[in-house]
Amino acid sequence: MSQLTKSAELFEKAKKFIPGGVNSPVRAFKSVGGTPVYMAKGSGAYLTDVDGNTYLDYVGSWGPFILGSMHPRITAALEYTLKNIGTSFGTPIEMEIEIAELLCKIVPSLEMVRMVNSGTEATMSAVRLARGYTGRDKIIKFEGCYHGHGDSFLIKAGSGALTLGAPDSPGVTKGTAMDTLNATYNDIDSVKLLVGENKGQIAAIIIEPVAGNTGVIPAKPGFLAALRELCTQEGIVLIFDEVMCGFRVALGGAQSLYGVTPDLTTMGKIIGGGLPVGAFGGKREIMERVAPLGDVYQAGTLSGNPLALTAGLETLKILIDENPYPELERKAVILETGFSDNLKKLGLNYVQNRVGSMSCLFFTDTPVVDYSTAITADTKKHGKYFHSMLDQGIYLAPSQFEAMFISFMHTDEDLEKTIKANYNALVASGK
Ligand code: KE4
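Residues numbered from 1 in each chain as written. Predicted model: local features only at pLDDT ≥ 70, side-chain atom pairs only at ≥ 80, totals over all residues. Heavy atoms only, no water.

1. What about the overall build of the protein?
- Within the protein one finds 15 helices and 16 strands.
- A compact globule built from 431 residues would reach a C-alpha radius of gyration of about 22 Å, and the protein, at 21 Å, matches this within 12%.
- Each of the 431 residues in the protein was classed as buried or not, and the buried ones make up 57%.
- Put simply, 73% of the contacts in the protein that link residues at least 6 apart link residues at least 24 apart.
- Of the roughly 17600 Å² of accessible surface on the protein, a fraction of 55% belongs to carbon and sulfur atoms.
- Each charge class in the protein can be summarised by its mean position, and for the 39 positive and 45 negative side chains these summaries are 4 Å apart. (Helix = DSSP H or I, 4+ residues; strand = E, 2+ residues; numbered from the N terminus. Rg over C-alpha atoms; globule rule 2.2 N^0.38 Å. Buried < 20%, exposed > 50% of the residue type's maximum accessible area, 1.4 Å probe, protein only. Contact = heavy atoms within 4.5 Å. Areas by Shrake-Rupley, 256 points an atom, 1.4 Å probe, with all protein chains shown as cover. Lys, Arg positive; Asp, Glu negative; His and termini not counted. Charge placed at Lys NZ, Arg CZ, Asp CG, Glu CD.)

Structure below.
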């Protein structure tokens, strides 16, 4: 049992000054219960908390740490920048060109790209751009998908909104909500129905091509291609939100894995290498509408700052140099197989969804293909499972509706330890 004395003390103090004691709701352990663990240090695949407990980290700061935290090449590059360049100038810098050119080389849909500071900024900007480019107001998203906390997206949203049972947030105006339509993931007919009912009014369809905020839900074969065809036919901007799956499921993201090219792509997490970075980009004729070249305004004080770009650029260079994807796939298969062996031994039929090194164990025996099947999961059992894993030194996302991420730094020995812990935690979660 991990002693969480200091974490508990800090959490009580935090609640005096920070809403819910956290700077992002999903960290608050609301759906799993108990006290959030205050981490003091991250290194590779490991985290150490303020009470000195160490954990194998399968959250990876919610996705960025595909290479583990504090990668030596990234920390060395950051040290160089701190000592020899600076943190921010608010002027153009050469690194902005380097990362833009590299992203356009790596990601099939990118002809131009704009750097921002978070995934939310990327998705907000991409939707505004699609509206400006098409002159249309409405967007279609998918129930359970999460695209950050921009007003247009907090309607039937996933991630923390779903975890807290607040998929529709107060504070979002009726006008905004009216312009956001929700379709069913993996159901092209639900999309066609909305498009038909709103002919000529849909600016964009935004989708996580691998849904990672309702747990992990892969797109069914043909679904993304059907979306592509529909958007081309209707003059709708297709936006792939690859903030989470970008550079995770393949170097070129889900669009390169599945061979479907969107009009715009939003990015984040991994391209920040652990620092705040987001980006949006796509077809030149659309991106040329972005100010100051075009008339769709978008801006950011710290967009493209040298410190964050240093971490992002070094991360991308390592991914290109070392191509970790085959090894990540091998490791992910070991974990998935170990978990399914455990489930069989215990006579449990829980569902595992996985794409590359992002996966989710759902506490339901219903195949999870969309929001309504995802929420059949037993979140109470998941909560017990989560705490048993935590007590065994395995740090998972404190929510059934999040992803588990393997990093390049997880060793086979780490995976074996995790598989053993999984067996014990499944027993603890009750049949
Ligand atoms: P940020 O604004 O949190 O950097 O990115 C928003 C976002 C956009 N699109 C996708 C597909 C995302 O997954 C996210 C953020 N992901 C969540 C984790 N599921 C962030 C964790 C949190 O909210 O603390």
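Structure's up, so let's keep going.
2. Observations regarding the nonpolar core
- The biggest cluster of nonpolar side chains holds 66 residues, and the ones touching the most others in it are Tyr-58, Leu-103, Phe-247, Ile-271, Tyr-385 and Leu-426.
- Each of domain 1 (5-66 + 324-429) and domain 2 (72-322) accounts for three or more of the residues forming this core.
- Filtering out sequence-adjacent residues up to four positions away, Ile-271 remains in contact with Ile-99, Leu-103, Met-115, Phe-247, Val-277, Gly-278, Ala-279, Gly-312 and Leu-316.
- One finds Ile-217, Ala-219, Val-351 and Phe-401 within the second-largest nonpolar core, a separate group that totals 43 residues. (Core = buried A, V, L, I, M, F, W, Y, C linked by side-chain atoms within 4.5 Å. Domains from an automatic or database assignment.)

3. As for helix α12 (residues 325-345)
- The end-to-end C-alpha distance of α12 is 30 Å, a good match for the 30 Å that 21 residues give at a rise of 1.5 Å each.
- Within α12 the residues assigned to the buried category are Tyr-325, Leu-328, Lys-331, Ala-332, Leu-335, Gly-338, Phe-339, Asn-342 and Leu-343. Angularly, the buried residues of α12 cover 155° about the axis, an arc narrow enough to put them on a single face. Among the exposed residues of α12, those pointing more than 90 degrees away from its buried face are Pro-326, Lys-344 and Lys-345.
- Taken together, the buried residues of α12 touch α11 (306-322), β13 (351-355), β14 (358-362), α14 (379-391), β16 (404-405) and α15 (412-429). (Expected span 1.5 Å × (residues − 1). Arc of directions from axis to C-beta.)

4. What about a nonpolar patch on the surface?
- Together, Tyr-80, Ile-85 and Phe-89 give the surface a local cluster of nonpolar side chains, amounting to about 320 Å² of exposed area.
- Looking at Ile-85, the relative accessible area reads 37%, which means it is partly exposed. (Patch = residues over 30% accessible without salt bridge, like charges linked within 9 Å, V, L, I, M, F, W, Y side chains within 5 Å. Salt bridge = Lys/Arg side-chain N within 4 Å of Asp/Glu carboxyl O.)

Any functional reading would require information that these geometric values do not contain.
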